[in-house]
Amino acid sequence: MKKLLAMISALIIVLAGCGNASSSNTDVLTELTEPVEIEFWHAMTGTSEEVLNQLVDGYNESQDLVTVTAVNQGSYGDLDTKIKSAGNAGSLPTLAQGYPNTIYEYIQSGWVTDLNPYLDVNAFDIDIDNFIPAYVEEVKGADGETWAIPFNKSTEVLFYNQDMLDEAGVEVPTTIEEVLEASKTIYEKTGKPGIGFDSLSNLYATLLYNSGVTTWQTDGEFNLNDEAIVSTITDLQAAIDAGYIRTAGEDQYMSGPFANQDVAMYIGSSAGAQYVESGVNGAFEWSVASYPAESVIQQGTSIAVFNTASAEQQAAAIDFLEYLTSDESMNTWTQATGYLPATTSALESDDYQAFMAKDATATAAANQVENMELLIPVFGGSNEINSVNITDTMKSILEGDEDVQTALDDLNQEATDIYARNN
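The paragraphs below set out a description of the structure included in this document.

A separate point is the overall build of the protein chain. The helix and strand tally for the protein chain stands at 18 helices and 16 strands. Taking 22 Å as the expected radius of gyration for a compact globule of 423 residues, we find that the protein chain reaches 22 Å, a close match to that expectation. Taken along its principal axes, the extent of the C-alpha atoms in the protein chain is 70 × 50 × 30 Å. Across the 423 residues of the protein chain, 57% fall into the buried class.

Structure below.
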């Protein structure tokens, strides 16, 4: 990484904006002459927080001008709430994690810096074209702005108990139809549900996309109650009623029931492998396969820089992001946490390829990078629709036995109303 001490002095006047969102028209500096302190707000926990802190410490020790303080703000929901509160109070940190839908809301509030002016100068070694295309899609603005840098990215994969599958005499499923069939057989042979799902909103988005509905709405006209998705979710509801499929429910995440052998398979984040490993603790043979669908979700957060920070702080933030997304840092991060490399160069590096050869989760997740899609679109209100309305609707159907057509019709109307209020 090019150290700020060695950067060629330059000053670029940025005149960039996007509607009511602005990069604050600040000076973009590529050289620091005085020490700078910046805060990085995040929501990492457990091993992920430990490794993130190691990377922050490594950056602070690698140069003499910038000190990064990583501040854990609780859950992602807590982080979002605190960022909005800080934004309204004029006390934002220099940079923070955010999901694309929440970052969109910060952009609309005029708090986020367009990073293109930093990426367009030679002083900073961040090549946005080096990042996985599906990750870049969600951080790009309508006019080509780059509103954030992808960081902790994951996808959903299929975790399975090989012992239970062998007992039931079934193969690892590769399609949703095979999932239903295998789960029924497992239930009949073992008395345990065949599969469970971590995220009901992710499940809905994935099933919708793979049913042929590749966009939620066109000019505010929604199709979340398309006939194809009604049919698919009706089949899931019947399978849950019969006992051979389950949701996480009060367990919140399926890694616990899976480790206790209360379910033979589950679909969840590739970053959850660390919890499966510690939960199973050698009690049975388990492994990981790619998601049983053609198109799969990409998820996780990117890191935005706020324009309330000084020019010096913003330059320091970009330098830190250069370090954080370097191949070396990416390999340290991903191999310890189960997240995927955010960049093509890190994914294809000898180090990560060697790691994949001995890690089933990394292999399953990396093998579906080319199939990743932006299944949850980004527009005003999409975060509310996804995290609240879709989740509640899926719970009412799969856990509450509500009529599928009625529930999805209601969801479609709710989404239409939310879009109208926010766009």
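A few words now on the packing of aromatic side chains. By the definition in use, this model includes 18 aromatic pairs. Ring centres of F159 and Y266 lie 4.7 Å apart, and the angle between their planes is 15 degrees; this geometry places the pair in the stacked category. Of this pair, F159 sits in strand β8 (residues 149-161) while Y266 sits in strand β13 (residues 265-269), placing them 107 residues apart in sequence. A connected cluster of aromatic rings, assembled from ring pairs, spans F159, F258, Y266, F284 and W286.

As a further point, take the packing of helix α8 (residues 200-210) against helix α17 (residues 382-398). Between α8 and α17, the shortest axis-to-axis distance is 8 Å and the interhelical angle comes to 90 degrees. With respect to α17, the element α8 is oriented roughly perpendicular. Where α8 approaches α17, its residues L200, S201, L203 and Y204 are matched on the opposing element by N386, I390, T391, M394, K395 and L398. For the contact of α8 with α17, the class distribution of residues is six nonpolar, three polar and one charged.

Relative to the 20 Å expected for 14 residues at 1.5 Å per residue, helix α12 (residues 311-324) spans 20 Å between its end C-alpha atoms, a close match to the ideal helical length. Among the residues making up α12, those that are buried are A311, Q314, A315, A316, A317, I318, D319, F320, L321, E322, Y323 and L324.

Each value, and the rule that gives it
- Within each chain, residue numbers correspond to sequence positions counted from 1 in written order.
- This being a predicted model, a pLDDT of at least 70 is required before a residue's local features are given, and a value of 80 or more before pairs of side-chain atoms are given or counted; all residues contribute to the totals for chains, interfaces and linings.
- By convention in this description, side-chain values take in all heavy atoms of the structure and omit both hydrogens and water.
- Secondary structure elements are taken from DSSP: a helix is a run of H or I of four residues or more, a strand is a run of E of two residues or more, and numbering for both begins at the N terminus.
- The size measure is the radius of gyration over C-alpha atoms, and the globule rule it meets is 2.2 Å times the number of residues to the 0.38 power.
- Note on classification: 1.4 Å probe, protein chains only; a residue is buried when its accessible area is under 20% of the maximum for its type, exposed when over 50%, partly exposed between these limits.
- Between 30 and 60 degrees the pair is tilted, below 30 it is stacked and above 60 it is edge-to-face, where a pair is any two Phe, Tyr or Trp rings, Trp via its six-membered ring, whose centres lie within 6.5 Å.
- Axes here refer to lines fitted to C-alpha atoms; in helices the fit is confined to the stretch in contact. Angles between the N-to-C directions go from 0 to 180 degrees.
- Should an angle fall under 35 degrees it is taken as roughly parallel, and over 145 as roughly antiparallel, whereas 65 to 115 is taken as roughly perpendicular and any remaining angle as oblique.
- Note on definitions: a residue-residue contact is assigned when non-hydrogen atoms from the two residues lie within 4.5 Å.
- Following the grouping adopted for this structure description, the nonpolar residues are Ala, Val, Leu, Ile, Met, Phe, Trp, Tyr, Cys and Pro, the charged ones are Asp, Glu, Lys and Arg, and the polar ones are all others, Gly among them.
- Multiplying 1.5 Å by the helix residue count minus one yields the expected span of that helix.

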